[in-house]
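# Structural features, examined
Below are the chains, spelled out letter by letter.
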2 protein chains.
Amino acid sequence: MDPLVIFTPSGKRGRFPAGTPVLTAARQLGVDLDSVCGGRGICSKCQITPGSGEFPKHGVTVAAQALSKFNNVEQRYDRVRGLKKGRRLGCQARVQSDVVIDVPPESQVHKQVVRKAAAERDIKMDPATRLFYVEVQEPDMHDPSGDLERLKTALAEQWQIETRSLRADLPVLAKLQPALRKGKWAVTVALHRGHADLHERILDIWPGYLETRLYGLAIDLGSTTIAAHLTDLGNGSVAASAGVMNPQIRFGEDLMSRVSYAMMNPGGDAEMTTAVREALNGLTADIAAEAGIDAAQIVEAVFVCNPVMHHLLLGLDPVELGQAPFALATSDALSLNARQLGLNAMSASARAYVLPCIAGHVGADCAAVALSEEPQKSQDLVLIVDVGTNAEILLGDKTRVLACSSPTGPAFEGAQISAGQRAAPGAIERVEIDPATKEPRFKVIGSDLWSCDPGFAEATAVTGITGICGSGIIEAVAEMRIAGLLDASGRIGSAKDTGTARAVPQGRTHAYILHDGTANGSPRIAVTQGDIRAIQLAKSALYAGARLLMDELGTDHVDRVVLTGAFGANISPKHAMILGMIPDCPLDKVTSAGNAAGTGARIALCSRTARAGIERVVNEIHKVETAIEPRFQEHFIAANAIPHATAPFKELRKVVDLPSPDFSTGAGADSGGRRRRRRG
Amino acid sequence: MDPLVIFTPSGKRGRFPAGTPVLTAARQLGVDLDSVCGGRGICSKCQITPGSGEFPKHGVTVAAQALSKFNNVEQRYDRVRGLKKGRRLGCQARVQSDVVIDVPPESQVHKQVVRKAAAERDIKMDPATRLFYVEVQEPDMHDPSGDLERLKTALAEQWQIETRSLRADLPVLAKLQPALRKGKWAVTVALHRGHADLHERILDIWPGYLETRLYGLAIDLGSTTIAAHLTDLGNGSVAASAGVMNPQIRFGEDLMSRVSYAMMNPGGDAEMTTAVREALNGLTADIAAEAGIDAAQIVEAVFVCNPVMHHLLLGLDPVELGQAPFALATSDALSLNARQLGLNAMSASARAYVLPCIAGHVGADCAAVALSEEPQKSQDLVLIVDVGTNAEILLGDKTRVLACSSPTGPAFEGAQISAGQRAAPGAIERVEIDPATKEPRFKVIGSDLWSCDPGFAEATAVTGITGICGSGIIEAVAEMRIAGLLDASGRIGSAKDTGTARAVPQGRTHAYILHDGTANGSPRIAVTQGDIRAIQLAKSALYAGARLLMDELGTDHVDRVVLTGAFGANISPKHAMILGMIPDCPLDKVTSAGNAAGTGARIALCSRTARAGIERVVNEIHKVETAIEPRFQEHFIAANAIPHATAPFKELRKVVDLPSPDFSTGAGADSGGRRRRRRG
């Protein structure tokens, strides 16, 4: 009987004639064993580890010489590049007798990419672009055929690739002839086939065997910031991350002001398109430089973004998104040449994939959050909030998922806040206020010390204390409320009302001094009445959106809350709940998923299966339009107060025995002030 | 029983309930009845003619009221646009009782396009691009979907088009939203699907019902000239034709000098690519202006060209074509965005189709000749010669077809001829020389008169007599030979040798004065010894190519000869045979096919079936490489003399009782002259 070959971890097994290369056996059994060179002993991707001795589980005994001896190719490879102890090249080692062969993770094509430890969810590598080494027939003038046609024949014969409708753009075709001759009729080609593509496409070509890696960019294109992860398409690892401000900010800070700009200025949409594409090119060059790779190795880009960014990226006029019925030009996922998007800094034939939009107000970024967080698979009712200039909200479980977006404005990102700034070193990110003394303590980004700790001044000497970021303002406002510096309507009490000199008059209202650095030339950082109003508007919008989805689902509670987004990831769940940003829920059921949209983009970059999956899911998500829903306005108005009796607030109030102040008649109250003037 | 409906000319028949619109019945029976608006009474493409009375052949009697009465839509159409007597709109007229309905040619989608009366060959319209009118669902924000997705649904429902993988480039997508709104949710779309495409593609979109026509450009891209036919994609008619010089001439007159330029000058190939693409853009604009259409109505371009032009058009370095084994970068047909070829003057999403190349020296132009002339279907052995700077030669019949190309040089196009010029008004195109008096008479392009006819001076006053074109020089040389002004080796005799003062000394050789216009400031047009040598080289190359194919086929005769190409179409078969350009063959079996390559391009433009067909045929054509074939050189040298006993020459010589001069020892002979000098 032929020797029995058993592969682990797959457990696949079969009998093969003695002398069969391990790679051949693996291929015939459909075992996931990588190879770029097709078994020529060049690429070393097919490394395996043979077992030896007794394998009672498999019922075999593996002899010492179950595989052929180390041959010349393996010896040379070991000498030149080093082969781990016990490893063999699967294309060289031949089966002699019964054997158990382990395929280590790094030799698997569809290797597991651990995405996040917390959720214990894995993504299998299934990228759209892969490398293939092929040896091509030399031209024969007595049987003339084109170089491309002979390359196709080689790909079909050596890799069983269906090449009848294989495509190659002209810039790639122009590389083919010199590559074949320089590589002595052997080339490495990068082939791309998207999950919905009907054909393979040659993305790039190099002479001989290419010792390189291919990369993709996962891009989270936000209204305010653009974040990119440079991802290795071989193993899914992130080689570098970088971010830049979205230069479209100069045309309008929030989405609707950009839509207005496009509406009021002929060619304004094209201006914004050019601006964002230039920023993307700069970002591409920067991130490649940071990782020390050639930007031409970047062969794919995946985009997640809200619908307005989506249209402006694609060069589509966003005006329809500014008015009911908020019709998208296209909602389905898009797969296209990156050059069509003006992305000139990466490979000339790079491909771009844009995730599908859910609705005119719920974009591809929300689809990416769904791809990352999978509400459609949740056993309990989960509320997922992606906090940004616009908040995307998903609510649901495995039976049904709803989505909406809510115009929170840029306050959560530190904009429209008097001392607001981006989350960067020097920004106040954590705040606590003593309810008895009304004295604050805080932390700034870049130091782990509280402001009251010894050594804080030294630790922050370099960065300074420059402002307050989104998570810092949330905590400051919530803490002010807990400490009795704010009443339920959001008014800041005067020094007399609150008993602290930190409450200072500012026009007809008051502000609370968090930190005064003016003595040594730094700014004075205060929370003003205007800041409170901005946060109130933002949190009411967020809360109203969540409530609207809960109404639609006919529920008044959620089992758990997931906060995502650059800001959502850093927010304190307790403070968010005290402010009334999110519905009441046990605090330990509020978690952060980090930048879920960015994670979703990375998943889509690594896995065609995930792309196909999210396209199906998006079609099934039920969209709720907040903009024209009267109940949204009702919820919005009702949510303006701080708080509406959230559990942590009630608990904290009990602990610190808080007064329930009402500053509406006080000298410093804003609306009260106006009332008095009218009377006088 | 339901009424019987019989369509002519197809003969298709079926029974339909009374009240069924004729268009519906036609569709269900698969009758070829055009409609762009889908039966909405807008496009008027579905006009039909109902019969009346007895139809014994079909066994039916058609009542006067077999179709419903003229309805409002038809009345309005007739009032506004006029409906031919007896015609009905197929979408409006409903079946009442048994009826025979004729579909006139102009209402057929796949209408017959008569190509050329002589060959009685028809091409059926089957263009890759067609117009469809659709009514699209308005957006509903409670069931959000993109405008593109709703358009797809409409196309699928109203036209049964498979839209799952339908593509739209971004510039088209950008037009969609305004078009839908301007057209009140109705649009006309141009859909493209090539014969090898796996999906439909939206090429363009217009609001409402578009009253327009789509055009394609059939482009014969020659080394010396670029000719284009603007073709109506609805009915195959040529709306305009235009040509320009290929600006690459400044980099080298023939193919090999252009390859050398690319080889010697880094970036030289890109320079030539830019030059030809700019010329194509100018030509596109000009031809659109000439036809009075918007260049954006041009949605397709088909290219036929030799391999070097092919590579330079595509932006591929042609150096491999300059050396054995003459490997093409790609030989298969190409279908791509016209923008990839830098064709910016036509529709932004126009498609380009490049016919397949046969071999490194036998290009897409030769494939186009095969598409037009169909040697693979010939009952007898046909030799097809496409005469240009390079001659493409096809030899074969329905059993086997061979192809080669021969480097004839530009002499046949009037270049490298002392008084040579392009075939344009003022050029001498016909020549006769009286064997007795040695006096010439000639015709110039632009006039039907011979130079000896009364009124000739007046008729040519405007154009003047400016030079001699390719067909003119052929006739001049042949006539000189017949008249005894040339000997068999090609030497021009002196005045003393020939007895005419028109034979004048020129350096050490002689020239024959065809026309002397110097008295009134016009040029003196002579045939010089250098001209004779250039023509001898060109015709020897052509003949040697044909002989090589005959050797390969093991035959020493051909049944018929077809001359094609701008020059080939105008050449006199008799003179060509006297010169020994083509193998001996009965004169009445030598025909001209006009510009067969251009015709092939037009056929490919009108018919996807033809594209698929020629791709198959090209794969089966056997290629013979002349450049490295010793027998080619042998044939070339042997063919240098004029003539090698061709039938018409022998006949003419008998008639005019010609002497058989030998000027090799005469004072004016060139090699003889050199010999004398050496001796002296």
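Here the structure is a predicted model, which is why all the values come from computation and not from measurement.

### Observations regarding the overall build of chain A
Counting secondary structure elements, chain A contains 19 helices and 31 strands. Expressed as a percentage of the 680 residues in chain A, the buried residues total 52%.

### Looking at the environment of Ile 219 of chain B
Residue and element names in this part refer to chain B. The residue Ile 219 is located in strand β14 (residues 215-221) in this model. Sequence-wise, Ile 219 and Ser 372 are 153 residues apart; in three dimensions their C-alpha atoms are separated by 14 Å. Excluding its chain neighbours within four sequence positions, the residues that come into contact with Ile 219 are Ile 226, Ala 228, Ala 301, Val 302, Phe 303 and Ala 601.

### Points about the interface of chain B and chain A
One frequently used descriptor of interface size is the decrease in accessible area upon assembly of the parts. Contacts between the two partners involve 40 residues from chain B, matched on the other side by 40 residues from chain A. Going through the elements one at a time, α3 (147-159) and α4 (170-182) of chain B are the ones with two or more residues in the side of chain B that touches chain A. The biggest single contributor to the side of chain B that touches chain A is α4 of chain B, with five residues. Here the residues of the side of chain B that touches chain A sort into 20 nonpolar, eleven polar and nine charged.

### As for the sheet that holds strand β21 (residues 391-397) of chain A
Residues and elements named next belong to chain A. As summarised here, the arrangement of the six strands in space is β30-β29-β20-β21-β22-β31, forming an open sheet in which the pairing is mixed. Of all the strands in the sheet, just β30 (590-592) and β31 (622-623) have a single pairing partner and so form its edges. Both strand β22 (residues 400-406) and β31 contribute to a ladder of two bridges, which runs parallel. Residue pairing across strands places Leu 402 opposite His 622, the latter belonging to β31. Running over the sheet, helix α8 (residues 364-373) touches β20 (382-386), β21, β22 and β29 (560-564) and is turned about 40 degrees from β21.

### Quick look at the sheet that holds strand β25 (residues 467-468) of chain B
Residue and element names in this part refer to chain B. Ordered in space as β24-β23-β25, the three strands form an open sheet in which the pairing is mixed. The sheet is open, and its two edges are formed by β24 (440-444) and β25, each paired on a single side. Where strand β23 (residues 427-433) and β24 come together, five bridges link them in antiparallel fashion. From the neighbouring strand, Arg 430 faces β24, where its bridge partner is Lys 443. Its contacts with the sheet place helix α10 (residues 470-482) against β23 and β25, and it is angled at close to 15 degrees to β23.

### Section: unusual backbone geometry
Residue and element names in this part refer to chain B. Here Thr 8 and Pro 9 are connected by a cis peptide whose omega angle stands at 5 degrees. Checked against the element boundaries, Pro 9 lands in the loop between β1 (4-8) and β2 (13-15). Across the junction of Ala 324 and Pro 325, the peptide omega takes the value 5 degrees, indicating a cis bond. Even without a glycine there, the phi angle at Gln 160 is positive, about 55 degrees. Mapped onto the elements, Gln 160 comes out in the loop between α3 and β11 (167-168). With 9 C-beta atoms packed within 10 Å, Gln 160 lands in the exposed category.

### So, the relation of the copies chain B and chain A
Between chain B and chain A, the superposition needs a rotation of 179 degrees and an axial shift of 0.1 Å, giving an RMSD of 0.3 Å. Viewed as a symmetry operation, the transformation between the two copies matches a two-fold axis. Nearest to the rotation axis, the C-alpha of Leu 198 of chain B is located 3.4 Å from it, this being the minimum over chain B. Looking at the interface residues of chain B, 100% of them are also at the interface in chain A, so both copies use one shared face.

### A few points about the packing of helix α5 (residues 255-264) of chain A against helix α6 (residues 268-291) of chain A
Residues and elements named next belong to chain A. Packing of α5 against α6 brings their axes to within 7 Å, and their N-to-C directions diverge by 130 degrees. As far as their axial angle goes, α6 and α5 are oblique. Packed against α5, whose contacting residues are Arg 258, Tyr 261, Ala 262 and Met 264, the element α6 presents Gly 268, Asp 269 and Met 272 at the interface. Taken together, the residues of the contact of α5 with α6 sort by class into four nonpolar, one polar and two charged.

### Topic: the environment of Ser 331 of chain B
Take Ser 331 of chain B: it is sitting in the loop between α7 (307-314) and β18 (334-337). Since 27 C-beta atoms lie within 10 Å of it, Ser 331 of chain B is described here as buried. Along the sequence, Ser 331 of chain B and Ala 639 of chain B sit 308 residues apart, while their C-alpha atoms lie 32 Å from each other. Those residues in contact with Ser 331 of chain B, other than ones at most four positions away along the chain, are Ser 145, Gly 146 and Glu 149 of chain A together with Pro 356 and Cys 357 of chain B.

Parameters and conventions
- The numbers attached to residues start from 1 for each chain and follow its sequence in the written order.
- A letter from A marks each chain and a number from 1 marks each ligand, given out in the order of writing.
- Where totals are concerned, whole chains, interfaces and linings use all residues; where local detail is concerned, this predicted model gives features only for residues with pLDDT of at least 70, and gives and counts side-chain atom pairs only at 80 or more.
- The helix count covers DSSP runs of H or I at least four residues long, the strand count covers runs of E at least two residues long, and both are numbered beginning at the N terminus.
- With C-beta atoms placed from the backbone, a residue is labelled by how many other C-beta atoms lie within 10 Å of its own: buried for 20 or more, exposed for 12 or fewer, partly exposed between the two.
- We call two residues in contact if the C-beta atoms placed from their backbones are at most 7 Å apart.
- The classification used treats Ala, Val, Leu, Ile, Met, Phe, Trp, Tyr, Cys and Pro as nonpolar, Asp, Glu, Lys and Arg as charged, and all other residues, Gly among them, as polar.
- In this scheme, strands are said to pair when DSSP sees at least two bridges between them.
- Note on geometry: axes are C-alpha line fits, over the in-contact stretch for helices, and angles between N-to-C directions span 0 to 180 degrees.
- Here the copies are matched by least squares. The fit uses the C-alpha atoms of residues with pLDDT of at least 70 in both.
- Angles below 35 degrees are treated as roughly parallel, those above 145 as roughly antiparallel, those between 65 and 115 as roughly perpendicular, and all remaining angles as oblique.

Just geometry here; none of it tells us what the structure is for.
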